[in-house]
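# Observations on the model geometry
So the chains spell out like this:
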Amino acid sequence: MKWIFSYLKPLKVRMAIGLSIKILGTVAELLIPFVLSHILENVIVTQDVGKIIFFGVIMAVCALVAGLGNIIANRMAARVTMIFSSAMRRDLFSKTLMLSARDTDRFTIPSLEARITSDTYNVQNFVGMIQRMGVRAPILLLGGIAITLLMDSALSLVMIATLPLIFIVVYSISRLGVPLYTKVQKSVDGMVRVVREDAQGIRVIKALSKNEYENRRYDTVNRALCKQETKAGTIMGIVNPVMTMLMNLGIAAVVAVSAFLVSKGQSSPATVIAFMQYFTLISMAMMSLSRMFVMFTKCAASAGRISEVMYAESELRLEEDDGKGDPSVHISFEDVSFSYFGKKPNADRVSVSLKKGQRLGIIGATGSGKSTLVKLLLRFYDLDSGCIRINGRDIRSYTKDELTSMFGVALQNDFLYADTIAENIRFGRDISDEDMIRAAKIAQAHDFISAMPDGYSHILSAKGTNLSGGQRQRVLIARAIAARPDILILDDSSSALDYKTDSALRRALAEELGDSTVITVAQRVSSVKSCDLILVIDEGRIIGRGSHEELLRDCAEYREISESQMGGAFLD
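The paragraphs below set out a description of the structure included in this document.

Thresholds applied
- Residue positions within a chain follow its written sequence, with the count starting from 1.
- Note on the predicted model: pLDDT of at least 70 is required for a residue's local features to be given, and 80 or more for side-chain atom pairs to be given and counted; whole-chain, interface and lining totals, by contrast, use all residues.
- Water and hydrogen atoms play no part in the side-chain values, which are based on all heavy atoms of the structure.
- Strands are runs of DSSP state E lasting at least 2 residues, helices are runs of H or I lasting at least 4, and numbering of each runs from the N terminus.
- Values of the radius of gyration come from C-alpha atoms, whereas the globule rule sets the reference at 2.2 Å times the count of residues to the power 0.38.
- A contact between two residues is defined here by any heavy atoms of the two lying within 4.5 Å.
- Note that accessible areas follow from Shrake-Rupley with a 1.4 Å probe, and for residues the cover is restricted to the protein chains shown.
- Positive charges come from Lys and Arg, negative ones from Asp and Glu, while His and the chain ends are left out of the count.
- For the purpose of locating charges, the reference atoms are NZ of Lys, CZ of Arg, CG of Asp and CD of Glu.
- By salt bridge we mean one thing: a side-chain nitrogen of Lys or Arg within 4 Å of a carboxyl oxygen of Asp or Glu.
- A patch consists of residues exposed above 30% relative accessible area that lack any salt bridge, with like charges linked at up to 9 Å and nonpolar side chains (Val, Leu, Ile, Met, Phe, Trp, Tyr) linked at up to 5 Å.
- Polar contact is the term for a pair of N or O atoms within 3.5 Å; when the atoms are in protein, one must be able to donate a hydrogen and the other to accept it, and sequence-neighboring residues count only if both atoms are side-chain atoms.
- Note on terminology: a nonpolar core comprises buried Ala, Val, Leu, Ile, Met, Phe, Trp, Tyr and Cys residues joined through side-chain atoms within 4.5 Å.
- In this scheme, a residue with accessible area under 20% of its type's maximum is buried, one over 50% is exposed, and one in between is partly exposed, where area comes from a 1.4 Å probe on protein chains only.
- To get an axis, a line is fitted to the C-alpha atoms, and for a helix only the part in contact is used. The angle between two axes follows their N-to-C directions and goes from 0 to 180 degrees.
- Under this scheme an angle from 65 to 115 degrees is roughly perpendicular, one under 35 degrees roughly parallel, and one over 145 degrees roughly antiparallel; angles in between are oblique.
- Crossings are classed by handedness, with left-handed meaning an anticlockwise turn of the near helix from the far one by less than a right angle and right-handed meaning a clockwise turn.
- The nonpolar class holds Ala, Val, Leu, Ile, Met, Phe, Trp, Tyr, Cys and Pro. Asp, Glu, Lys and Arg form the charged class, and all remaining residues, Gly among them, are polar.
- Strands qualify as paired when DSSP identifies two bridges or more between them.
- Residue count minus one, scaled by 1.5 Å, sets the expected span of a helix.
- Stacked, tilted and edge-to-face are the three classes applied to pairs of Phe, Tyr and Trp rings, where Trp contributes its six-membered ring and a pair requires centres within 6.5 Å; stacked means planes under 30 degrees apart, edge-to-face means over 60, and tilted covers the rest.

Attention shifts here to the overall build of the protein chain. The helix and strand inventory of the protein chain stands at 22 helices and ten strands. Computed over its C-alpha atoms, the radius of gyration of the protein chain comes to 35 Å, more than 25% above the 25 Å expected for a compact globule of 572 residues. For the protein chain, the C-alpha atoms occupy an extent of roughly 115 × 55 × 50 Å along the three principal directions. Put simply, 77% of the contacts in the protein chain that link residues at least 6 apart link residues at least 24 apart. Accessible area for the protein chain stands at about 28400 Å²; split by element, carbon and sulfur atoms hold 60% of it. Considering the protein chain, the positive charge centre built from 66 side chains and the negative charge centre built from 59 side chains are found 8 Å apart.

Attention now moves to the pattern of salt bridges. Applying the stated rule across the entire model yields 24 salt bridges. Residues participating in the shared-partner salt-bridge network are E197, D198, E214 and R217.

Okay, a negative patch on the surface next. On the surface, D538, E539, E557, E560 and E563 cluster together into a patch of negative charge. Per element, the largest residue contribution to the negative patch is three residues, and it comes from helix α22 (residues 556-566). The residue E557 is located in helix α22 in this model.

Time to look at the side chain of D394. Looking at the secondary structure, you find D394 in strand β5 (residues 393-394). Among the polar contacts listed, one links the side chain of D394 to the backbone nitrogen of R396, at a separation of 2.9 Å.

Turning our attention to the nonpolar core. Core analysis: the largest hydrophobic core is formed by 66 residues, its most contacted members being I4, F84, V123, L141, I166 and M286. The residues contacting I166, other than those within four sequence positions of it, are M243, L246, M247 and M286.

Taken together, the side chains of K183, K186, K227 and K231 make up a positively charged region of the molecular surface. Every element with two or more residues in the positive patch is listed here: α9 (177-200) and α11 (211-236). Looking at the secondary structure, you find K183 in helix α9.

Relative orientation of the contacting elements helix α5 (residues 109-133) and α9 amounts to 125 degrees, with a least axis distance of 8 Å. The orientation of α5 with respect to α9, classified from their angle, is oblique. Between α5 and α9 the crossing geometry is right-handed. The residues of α9 that touch α5, namely those facing I109, P110, S111, E113, A114, S118, D119 and N122, are Q185, V188, D189, V192, R193 and R196. Its residues placed into classes, the contact of α5 with α9 shows five nonpolar, four polar and five charged.

Across the sheet, which stays open at both edges, the six strands sit in the order β6-β7-β8-β3-β9-β10 with mixed pairing between neighbours. Because the sheet does not close on itself, it has two edges, and the strands there are β6 (407-410) and β10 (541-546). The mean inter-strand angle of the sheet, taken between neighbouring strand axes irrespective of direction, is 15 degrees. As judged from the four bridges shared by β6 and strand β7 (residues 487-491), these two strands associate in the parallel manner. In the sheet register, G408 faces β7, and the bridge partner there is L488. Along the sheet, helix α19 (residues 469-482) makes contact with β6 and β7, crossing β6 at roughly 175 degrees.

All right, on to the environment of S156 then. In this fold, S156 is placed in helix α7 (residues 153-160). A residue is classified by how much of its surface remains accessible, and S156, at 0% relative accessible area, is buried. Remark: the alpha-carbon pair of S156 and F275, spanning 119 residues in sequence, is separated by 8.4 Å. Those residues in contact with S156 that lie beyond four places of it in its chain are I145, T148, L149 and F275.

So, on to α11. Every α-helix carries 3.6 residues per turn, so stepping three or four residues along brings you back to the same face. The terminal C-alpha atoms of α11, which comprises 26 residues, lie 36 Å apart, in line with the 38 Å expected from a rise of 1.5 Å per residue. Within α11, burial applies to E214, V221, L225, A232 and M236. Looking at the buried positions of α11, the neighbouring elements they touch are α8 (163-174), α9, α10 (202-207), α12 (239-263) and α13 (269-310).

Sheet architecture is open: four strands sit in the order β2-β1-β4-β5, paired in antiparallel fashion. If you trace the sheet from one side to the other, it starts and ends with β2 (347-354) and β5, each paired once. Sheet topology places strand β1 (residues 331-338) next to strand β4 (residues 385-390); five bridges connect them, and they run antiparallel. Note on β4: the bridge partner recorded for S332 is R389. Here helix α14 (residues 370-377) sits on the sheet in contact with β1, β2 and β4, set at roughly 115 degrees to β1.

What follows covers the packing of aromatic side chains. Aromatic rings in a pair are described by how distant their centres are and how their planes are angled relative to each other. On inspection of all chains with the given rule, the structure shows eleven aromatic pairs. Taking the centre distance of 6.2 Å and the plane angle of 85 degrees together, the rings of Y7 and F84 count as edge-to-face. With Y7 in helix α1 (residues 2-8) and F84 in helix α3 (residues 49-98), the pair connects residues that are 77 residues apart, well separated along the chain. By the burial criterion, Y7 is buried, and F84 matches it. Pairing Y340 with Y381 gives two aromatic rings, centres 5.2 Å apart and planes at 85 degrees, and the pair type is edge-to-face.

Here five bridges tie strand β9 (residues 533-538) to β10, and the two strands are oriented antiparallel to one another. Opposite I537, over in β10, you have I542 as the bridge partner. Where β9 folds back onto β10 in an antiparallel hairpin, the turn is made up of two residues, including E539, whose phi is positive at roughly 50 degrees.

Turning to a nonpolar patch on the surface, a few remarks are in order. A contiguous nonpolar surface patch, about 290 Å² in accessible area, is contributed by L40, I44, I52 and I273. Mapped onto the fold, I44 is located in the loop between α2 (12-43) and α3. By relative accessible area, which is 41% here, I44 ends up partly exposed.

Secondary-structure assignment places Y171 in helix α8. By relative accessible area, Y171 is classed as partly exposed at 45%. When the C-alpha positions of Y171 and F293 are compared, they lie 8.2 Å apart, and in sequence the two are 122 residues distant.

Here we come to unusual backbone geometry. Not every positive phi belongs to a glycine, and T108 is a case in point at roughly 75 degrees. Note that T108 resides in the loop between α4 (101-107) and α5. Backbone geometry places Q444, a non-glycine residue, at a positive phi of 65 degrees. Here Q444 shows up in the loop between α17 (433-442) and α18 (446-450). With a relative accessible area of 24%, Q444 lands in the partly exposed category.

As structure tokens, then:
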């Protein structure tokens, strides 16, 4: 939890002021019973109205200072908590975006979502509570004990005798809290995963009438979460009733002893009244401390999960180039092998070279490893062996910005967000209207966009659900083209296009992006047939390479795919 202090350090002045005000208000609150005791025992007997009014005003001033101090300090604490949580969430979200693909796979998206939401909420709550209660409760506890010791040591010792028992109970139970709430947050991950899957697949669920099935699936993870929360809540909930019982026993003991002392003339009713008020304040302080211990266990569990992400070291480190590459070759895979889980190769000794401006097609069955080659080229993952070079340099020697600036990418599971079509194409980049419209024309999207009443200002819904599948793909291809990339990657990004539109897209790419190296990943032969070089991939291996005509002649698998799709004929 040390990282929390790095976020609080810039706020130390604001926190110091707020805590000083809180201390002032709490001390004023502590003085009220003492002043009341003095009035009852020493002032009233004088029958001096002026003195009674004077000390009454002092009590009123103490009450006012206590009330205003707590209000002002709590508002300042809320402000500090807001700034802290905003910075924490911002950095955690930024770190999440910077995680390597392998780290993202390890944490899982639902777990990352839960850490950004519920885990940060638990930490935020504790930081807010520690400012509101972390000073007030100890001052009330220690100050109350000190004053009662001065007023009547015998009664005070009776009360103090209960405190070790309370401390033992709170400490013992709190030790169980961190593992319990860690399990709760893992159950939250499971629930978020199901909700996320159902939200993404809601149309399929409705189309297949699987509402009840998904309800049962959600109910399973919901019950698991309820079970973990109930277990944690039950164990941690023991603290309050045990504390209340011990405090009540202490009060009963104090009343019994005070009655005996008053009857013997060794104490006064005024002292007992003040003492009972202090005992109430001390009881409230102990209850606050118990709540803080419970909140601390939640915070510690959540802070541990957050720090796992915040301090995750990227495996994608910058490395020195070996200088062995050929600068005249734009892209080269040199005996590249890779496995996601270290069991079977997803890329097996792949070697291929491309000159600038060449067009590469990659085709194969689902799961054959086509997209894996793209992910390796983009350095989403690092190779197990071999080397990938761009312009003769090992891609591991490029900074992330240097590498990604070369690419325009339209991936299989790309996304559109709720904004205008223009902003979805620009995607936060400094792209002129001319380049945006040019990209849309190449992507065969300009006509349907222009036909809309508001054109490029048309607002898309989340994920672009108010467009057809083919329209979404054309907008995504326009996004990839808009920045005039050196390398354009189209990973199964035209699967929803009809053959005529797909053919027009391929012609436009050849005419308008002659200087760009284009890599097309597809399952349709028609999408790659015009490429300079086509790779046929199976289980991560290249089982055929050449032009369309060469593969029809020499590669049985390619010929089979071609004949199964179009009987060997193509629409140009």
